[in-house]
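Examining the three-dimensional arrangement
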Amino acid sequence: QLGGNEIVRLPARAFAAQRRLRELSLERNRIRVLEAECFAGLEKLAELRLDENQLRSLEPPGRLPALEVLSLSANRITDVQELEKLVSLDGLLRLSAAGNPVARKQLYRPTLIKRLSSLEVVDGRPITPEERERVELVFGGEARTGLPGSSV
């Protein structure tokens, strides 16, 4: 539990010595920057909470094979492209980004469902099979990198 400590940035390999860490709570800090590889070595990390910080952008998180829950609520993320950087999190089941400006964008939820196919819950709301079908209709047969709002 590192919440409320006024941490501003997380340097590369910040938690490398904590290899057995399963849950990391960094809520209510002032984190603006997550440097590439800041979570390197946390292969057992299952839950990461970064709520109520000042994140505007994300770096691809690197290898976090056990990560199932990621909470980014109440930050300053404005572009869905930032959340698309999480595509390498193959086991991610729950993602929360509510309270970010991006969550008000029209294709926010459908884009997450399409790009992060392992997700079961977005912002506390389960993804139904019917919703997945609708997402497929919205995006049609578009390739993973050709989604609306994507710069790739």
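Residues numbered from 1 in each chain as written. Predicted model: local features only at pLDDT ≥ 70, side-chain atom pairs only at ≥ 80, totals over all residues. Heavy atoms only, no water.

On to the overall build of the protein. From N to C terminus, the protein includes three helices and eight strands. Reading the protein from its N end, one meets helices and strands in the order β-β-β-β-β-α-β-α-β-β-α. For the protein, the spread of C-alpha atoms along the principal axes amounts to about 45 × 30 × 25 Å. Scored against the burial criterion, the 152 residues of the protein give a buried share of 43%. A total accessible area of about 8100 Å² is found for the protein, and carbon and sulfur atoms account for 48% of it. For the protein, the centre of its 24 positive side-chain charges and the centre of its 22 negative side-chain charges are spaced 3 Å apart. (Helix = DSSP H or I, 4+ residues; strand = E, 2+ residues; numbered from the N terminus. Buried < 20%, exposed > 50% of the residue type's maximum accessible area, 1.4 Å probe, protein only. Areas by Shrake-Rupley, 256 points an atom, 1.4 Å probe, with all protein chains shown as cover. Lys, Arg positive; Asp, Glu negative; His and termini not counted. Charge placed at Lys NZ, Arg CZ, Asp CG, Glu CD.)

In terms of burial, helix 2 (residues 108-115) is largely enclosed, as eight of its eight residues are buried. Those residues of helix 2 that fall on the buried side of the exposure criterion are Tyr108, Arg109, Pro110, Thr111, Leu112, Ile113, Lys114 and Arg115. Among the structural elements, helix 1 (80-84), strand 6 (94-96), strand 7 (121-122), strand 8 (125-126) and helix 3 (129-139) are those in contact with the buried residues of helix 2. (Contact = heavy atoms within 4.5 Å.)

A general tendency of soluble globular proteins is for nonpolar side chains to be buried together. In this structure, Phe39, Leu72 and Leu83 are the most contacted members of the largest nonpolar core, which totals 36 residues. Mapped onto this core, the elements with two or more residues apiece are helix 1, helix 2 and helix 3. For this core, the element with the highest residue contribution is helix 2, accounting for three residues. When residues no more than four places from it in sequence are discounted, the contact partners of Leu72 are Leu50, Asp51, Leu55, Leu58, Ile77, Leu83, Leu86, Leu95, Ser96, Ala97 and Asn100. (Core = buried A, V, L, I, M, F, W, Y, C linked by side-chain atoms within 4.5 Å.)

Mapped onto the fold, Pro129 is located in helix 3. Sequence spacing of Pro129 and Arg28 is 101 residues, and the spatial spacing of their C-alpha atoms is 34 Å.

On to the confidence of the model for the protein. Overall, the predicted model of the protein reaches an average pLDDT of 89, with 90% of residues at or above 70. A low-confidence stretch, residues 143-147 stays under pLDDT 50, and its non-local contacts, those more than four residues away or across chains, total 13 contacts. (pLDDT = per-residue confidence, 0-100.)

The strand order across the open sheet built from six strands is 2-4-5-6-7-8, with neighbouring strands paired in mixed fashion. The sheet is open, and its two borders are formed by strand 2 (23-25) and strand 8, each paired with just one other strand. (Pairing = 2+ DSSP bridges.)

Let us look at empty space enclosed by the protein. Summed over all chains, the structure comprises one cavity of 30 Å³ or more. Considering only enclosed or pocket space, the largest cavity measures out at about 140 Å³ in volume. Lining of the largest cavity is provided by 18 residues; of these, Leu34, Phe39, Glu59, Pro61 and Leu86 occupy positions nearest its centre. Residues that form the lining of the largest cavity fall into these classes: 15 nonpolar, no polar and three charged. (1 Å grid on protein atoms, 1.4 Å probe; cavity = no way out; pocket = protein on both sides within 12 Å on 5 of 7 lines; lining within 4 Å. Points joined across faces, edges and corners; volume = space filled by probe spheres on them. Nonpolar A, V, L, I, M, F, W, Y, C, P; charged D, E, K, R; others polar.)

Among the secondary structure elements, Asn29 is positioned in the loop between strand 2 and strand 3 (33-34). Exposure remark for Asn29: the relative accessible area of 5% places this residue in the buried category.

Bringing the pattern of salt bridges into the picture now. Two side chains bearing opposite charge may form a pair once their charged atoms approach each other closely. Per the stated rule, a full pass over the model turns up 10 salt bridges. Residue Lys85 pairs with Glu82 through a salt bridge whose shortest N-O separation is 2.8 Å. The exposure class of Glu82 is buried, given its relative accessible area of 14%. Within this structure, Arg109, Arg125 and Glu131 form a network of salt bridges that share partners. (Salt bridge = Lys/Arg side-chain N within 4 Å of Asp/Glu carboxyl O.)

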